[in-house]
Amino acid sequence: MNNFAKIRIDFKKILMFTLIFPFYQINAIKSILPGLSRYLLLADIFIVLALYIYRGSLSKPTAYLAMFCVVLVFANIINGESVINALYYGGQILGFCMLHEIYLSRNNGDSLSFLKIERNYLAILATITLFFQVFNQDFFGHSETSDNFQNFFVSDNYLGYYYIPLIALSIYLDYLEGEKVKKGTVLIIAILGISVFYAWSAKTVIGLALAIIFVVIYRIRGIRGFFTPSRLLIIYIILFLGIVVFNFQYAFSDIIETVLQKDASLTGRVYIWASAIKQIISAPFVGHGVDSSGTLSISMSTNGILYASHNLVLEILIQTGFIGLLMYVGFLFTAVRNSWKNRNDSNQEIVNLLVIFIFIVYVMYLASHTLYIVGSYMPILLCAFCFDSDNVKIEESNYE
């Protein structure tokens, strides 16, 4: 009896995990019970929405993201697409944002527990994924067209959008506990690195390499001070125009083919981008909406085959036009501004690093289009809700 008496069930943590679990759509579960996975997520979104309404306040980042979802629904209505698709995919990212605001918001003492549960859950998913990559990489299937393995968690080309934010989250938690980088975080980075090696998705390799480099050098004050949000935005615009519009990558074709094992067209993406721009011009204000796949496929004029846009900015413009893009940029701007304006001597290093991690995620999105990967929003939500002067109180750390 004494042993049983020592067992304590923490219902708060069980609730946290229950609310987090459906947002991370796992291939192994989706392949067996696709309908159940979808219905669990929809139920979770409604529960989170109810909790958020009961909470009774609306932050600027969440407001902008909600307006983006409204534009998405409107685009589906006027283009004859299913409203359910817009509510389902828009609800994923909006619900994920609301859930994090609930737990990371003002005077909520459960924020640390919530983030630790999420970090540990993602680390377990990555570890199981690596296990199957090592011992039976084809266990969950293999795409003949993209040459990607599906994996336990997500397919090869989506791993980076969970792995890079996981590193950011783990480092942030180390910071909260007054540590530089704990051994557990180093172990997580090692597991993710080996997993990326097996997957060898070019954008994930670039993202992980950038993340590790910045983790190592971000304490150098001159480097840390250089990468401000405005400068990173300018760099991103240059990269977008250079790669997507003007295709400067052809000048580095030898390096791309040798290191990333890709051709200079980035597996035909340059041709898809050209067709995507034409489709954007046909509906520039509110776009064409979203279909059941979470994207809106475009037709190549050369062969009539449908392709995804393979670029996030183009995908936003295709789905919601420039009005939707404006709302999405408002979401990013208010999230980053919230952390940047509240920097101080004790938190400036972690704030700078989180902003850099946001930049890294969107660098990967230069060659990918999946707007509704919830994990990729983690660094943004940490910036949005963890550094407000009225929100989670950050203890003095040992960074300085």
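Reading guide: rules and limits
Positions within a chain are numbered from 1, following the residues in the order the chain's sequence is written. Confidence filtering applies because this is a predicted model: local features only for residues at pLDDT of at least 70, side-chain atom pairs given and counted only at 80 or more, and all residues used for totals across whole chains, interfaces and linings. To obtain the side-chain values, all non-hydrogen atoms of the structure were used and water was disregarded. Only the stretch in contact is used when a helix axis is fitted, and all axes are lines through C-alpha atoms; the angle between N-to-C directions ranges over 0 to 180 degrees. Under the scheme used here, helices are H or I runs from DSSP no shorter than 4 residues and strands are E runs no shorter than 2 residues, and both carry numbers assigned from the N terminus. Angles below 35 degrees are treated as roughly parallel, those above 145 as roughly antiparallel, those between 65 and 115 as roughly perpendicular, and all remaining angles as oblique. Contacts are residue-level and defined by heavy atoms, with any inter-residue pair within 4.5 Å sufficient. In this classification, the charged set is Asp, Glu, Lys and Arg, the nonpolar set is Ala, Val, Leu, Ile, Met, Phe, Trp, Tyr, Cys and Pro, and all remaining amino acids, among them Gly, are polar. A pairing counts as a salt bridge when a side-chain nitrogen of Lys or Arg comes within 4 Å of a carboxyl oxygen of Asp or Glu. Three exposure classes are used, based on accessible area relative to the maximum for each residue type with a 1.4 Å probe and protein chains only: buried under 20%, partly exposed in between, and exposed over 50%. Two rings from Phe, Tyr or Trp (for Trp, the six-membered ring) form a pair when their centres are within 6.5 Å of each other. A pair whose planes differ by under 30 degrees is stacked, one over 60 is edge-to-face, and the rest are tilted. Working rule: Lys NZ or Arg CZ, within 6 Å of ring centre, within 35 degrees of ring normal, means a charge sits over the ring. Throughout, disulfides are identified as pairs of cysteine sulfur atoms within 2.5 Å of each other. Two joining distances apply to patches: 9 Å for like charges and 5 Å for nonpolar side chains (Val, Leu, Ile, Met, Phe, Trp, Tyr), and every residue must have over 30% relative accessible area and no salt bridge. Note that accessible areas follow from Shrake-Rupley with a 1.4 Å probe, and for residues the cover is restricted to the protein chains shown. Values of pLDDT, the confidence the predictor places in each residue, fall between 0 and 100. Every helix has an expected span of 1.5 Å times one less than the residues it contains. The directions from the helix axis to the C-beta atoms form the arc being described.

Caption draft 1: View of the packing of helix α14 (residues 269-282) against helix α15 (residues 312-340). Closest axis-to-axis distance for the α14/α15 pair is 9 Å, and the angle between their directions is 10°. One element, α14, and the other, α15, form an angle in the roughly parallel class. In this structure, α14 contributes Trp273, Ala276, Ile277, Gln279 and Ile280 to the contact, and α15 contributes Leu314, Leu317, Ile318 and Phe322. For the contact of α14 with α15, the residue count by class is 8 nonpolar, 1 polar and no charged.

Caption draft 2: Local environment of the pattern of salt bridges. If you walk through the whole model with that rule in mind, you get 4 salt bridges. Residues Lys12 and Asp110 are paired through a salt bridge, measuring 3.7 Å at the closest nitrogen-oxygen approach. Of this pair, Lys12 sits in helix α2 (residues 11-20) while Asp110 is found in the loop between α6 (83-104) and α7 (111-135), placing the two residues 98 residues apart along the sequence. A salt bridge links Glu177 to Lys116, with the nearest nitrogen and oxygen atoms 2.5 Å apart. Remark: Lys116 occurs in helix α7 and Glu177 occurs in the loop between α8 (160-176) and α9 (183-199); sequence separation between them is 61 residues. By relative accessible area, Lys116 is classed as partly exposed at 26%. Connected through salt bridges with shared partners, the residues Lys116, Glu177 and Lys182 form a single ionic network.

Caption draft 3: How the structure looks around the packing of α8 against helix α17 (residues 378-385). Between α8 and α17, whose axes approach to 8 Å, the crossing angle comes to 35°. Of the residues in α17, those touching α8 at Pro165, Ala168, Leu169 and Tyr172 are Met378, Pro379 and Leu382. Class assignment for the residues of the contact of α8 with α17 results in 7 nonpolar, no polar and no charged.

Caption draft 4: Quick peek at the packing of aromatic side chains. Tallied over the entire structure, the rule returns 32 aromatic pairs. Both rings, one in Tyr88 and one in Tyr89, keep their centres 4.9 Å apart while their planes meet at 80°; by these two values the pair is edge-to-face. For the pair Tyr88 and Tyr89, a shared accessibility class is recorded, and that class is buried. Each ring, one from Tyr161 and one from Tyr365, has its centre 4.4 Å from the other, and the planes form 25°; the classification is stacked. Taken together, the positions of Tyr161 in helix α8 and Tyr365 in the loop between α16 (348-364) and α17 put the pair 204 residues apart, joining distant regions of the chain. Each member of the pair, Tyr161 together with Tyr365, is buried. Joined through ring pairs, the aromatic side chains of Phe17, Phe21, Phe23, Tyr24, Phe96, Tyr121, Phe153 and Tyr162 make up one cluster. It is Arg38 that lies over the ring of Tyr88; its NZ or CZ is 3.9 Å from the centre. Of note, Arg343 hangs over the ring of Trp340, and the distance from its end group to the ring centre comes to 3.9 Å.

Caption draft 5: Structural context of the state of the cysteines. Under the definition given, this model contains 0 disulfides. Cys383 takes part in no disulfide bond, and the closest cysteine sulfur, belonging to Cys386, lies 8.6 Å away. With relative accessibility at 0%, the residue Cys383 sits in the buried group.

Caption draft 6: View of a nonpolar patch on the surface. A cluster of nonpolar residues, Leu233, Ile237, Leu241, Val245, Phe246, Phe248, Ile277 and Ile281, forms a patch on the protein surface that exposes about 760 Å² of accessible area. Looking at the nonpolar patch, the elements with two or more residues in it are α12 (229-245) and α14. In terms of residue count, the dominant contributor to the nonpolar patch is α12 (4 residues). The topology assignment puts Phe246 in the loop between α12 and α13 (253-260). For Phe246, a relative accessible area of 52% puts it in the exposed group.

Caption draft 7: Region of the structure containing the confidence of the model for the protein. The predicted model of the protein has a mean per-residue pLDDT of 86, with 87% of residues at 70 or higher. Per-element averaging of pLDDT across the protein places helix α1 (residues 2-6) at the bottom with 51 and helix α5 (residues 60-78) at the top with 96. In this model, residues 390-400 is a region of pLDDT below 50 whose contacts with residues beyond four sequence positions or in other chains number 31 contacts.

Caption draft 8: Spatial organisation of the environment of Phe240. Mapped onto the secondary structure, Phe240 falls in helix α12. Separated by 127 residues in sequence, Phe240 and Ala367 place their C-alpha atoms 9.8 Å apart.

Caption draft 9: Structural detail: helix α4 (residues 34-55). In a regular helix each residue adds 1.5 Å, so 22 residues correspond to 32 Å; α4 covers 32 Å between its end C-alpha atoms and thus fits that length. For α4, the complete set of buried residues consists of Ser37, Leu41, Asp44, Ile45, Val48 and Tyr52. Buried residues along α4 cover an arc of 105° about the axis, so they all sit on one side. Opposite the packed face of α4, turned more than 90 degrees from it, sit the exposed residues Tyr39, Phe46, Ile53 and Tyr54. On its buried face, α4 is in contact with α2, α3 (27-32), α5 and α6. Of the residues flanking the end of α4, it is Gly56, one or two places downstream, whose phi is positive at about 85°.

Caption draft 10: Examining the environment of Leu41 more closely. Locating Leu41 in the fold gives a position in helix α4. Using a relative accessible area of 0% as the deciding quantity, one classes Leu41 as buried. Taking the C-alpha atoms as reference points, Leu41 and Tyr24, 17 residues apart in sequence, are found 8.9 Å from one another. With residues up to four places along the chain from it excluded, the contact list for Leu41 reads Pro22, Phe23, Gln25, Tyr88 and Gln92.

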